[in-house]
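Report on the structure
Listed here are the chains, written in short residue letters.
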Amino acid sequence: MITIVSLVSRATVSETAWSRIANAGKLFLQSDKHPCAAPVLAAGYAYTSMDDLYERAADFDALHEAVAARLVAAGDCTYVMTGSLSAPQLTAIQSAAAGGVEVGVLPGVTLSQAAFPAHPAGRTVSAHDLPERLDAHLSTAVEE
């Protein structure tokens, strides 16, 4: 089974998702360069980053296919994403897994939900609704 976990910060991931990360036999990070990877890095878990695929991919379609192929080849693994899973990413993983690998998603708080906790997901935010010091809110949400 490929388990996909959305991670913004340690405080925004469920205990079930964190347990899956902590006990993963094979752990993959979307990127170890992104601030959202900090909790995994701080915990000292062994992992494989997908950064090499980002550096080599000609476009996002090729990237999604390469990530999916790596995950399917790994078999039972956990893939930690920074933020939320996009439709093209999920489609690539499901297509690659069509041969019988189960895919599960443990959703977490998205980057936009962390930045704007008072706004429910899916609500359009007007610039008039934004706090005057947006940078302070974003850095706090990502650093937690």
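Look up: the structure comes first, before these words.
Residues numbered from 1 in each chain as written. Predicted model: local features only at pLDDT ≥ 70, side-chain atom pairs only at ≥ 80, totals over all residues. Heavy atoms only, no water.

Of all hydrophobic cores here, the largest spans 15 residues; its most connected members are F28, M50, V67, L71 and Y79. Breaking this core down by element, the ones donating at least two residues are strand 1 (2-7), helix 4 (60-74), strand 4 (77-82) and helix 5 (87-96). Sorting elements by how many residues they give to this core places helix 4 first, with five residues. Setting aside residues no more than four positions away along its own chain, F28 makes contact with T48, M50, R70, L71, A74, C77, T78, Y79 and V80. One finds V5, A17, W18 and L27 within the second-largest nonpolar core, a separate group that totals eleven residues. (Core = buried A, V, L, I, M, F, W, Y, C linked by side-chain atoms within 4.5 Å. Buried < 20%, exposed > 50% of the residue type's maximum accessible area, 1.4 Å probe, protein only. Helix = DSSP H or I, 4+ residues; strand = E, 2+ residues; numbered from the N terminus. Contact = heavy atoms within 4.5 Å.)

Another point: the pattern of salt bridges. Overall, the coordinates contain five salt bridges when judged by the stated rule. Notably, a salt bridge pairs D76 with R20, separated by 3.0 Å at the nearest N-O pair. Remark: R20 occurs in helix 1 (residues 15-22) and D76 occurs in the loop between helix 4 and strand 4; sequence separation between them is 56 residues. The partly exposed category is assigned to R20, whose relative accessible area is 25%. Note that D32 is salt-bridged to K33, the shortest N-O span being 4.0 Å. (Salt bridge = Lys/Arg side-chain N within 4 Å of Asp/Glu carboxyl O.)

For the rest of this paragraph, the subject is the side chain of S49. With respect to the helices, strands and loops of the structure, S49 is situated in strand 3 (residues 48-49). In this structure the side chain of S49 is engaged in a polar contact, spanning 2.7 Å, whose partner is the side chain of D51. With residues up to four places along the chain from it excluded, the contact list for S49 reads L29, Q30, S31, D32 and R70. (Polar contact = N/O pair within 3.5 Å; in protein donor to acceptor, adjacent residues only side chain to side chain.)

To continue, consider the sheet that holds strand 3. Strands belonging to one sheet form pairs held by backbone hydrogen bonds; the direction of such a pair is parallel or antiparallel. Read from one edge to the other, the open sheet built from five strands follows the order 3-2-4-1-5, with strand pairing classed as parallel. Each edge of the sheet is formed by a strand with only one pairing partner; in this case those strands are strand 3 and strand 5 (103-106). With three bridges connecting them, strand 2 (residues 27-29) and strand 4 associate as parallel partners. Bridged to L27 within strand 4 is T78. Contacts from helix 4 reach strand 1, strand 2, strand 3 and strand 4, with the element oriented near 150 degrees to strand 4. (Pairing = 2+ DSSP bridges. Axes fitted to C-alpha atoms, helices over the stretch in contact; angles between N-to-C directions.)

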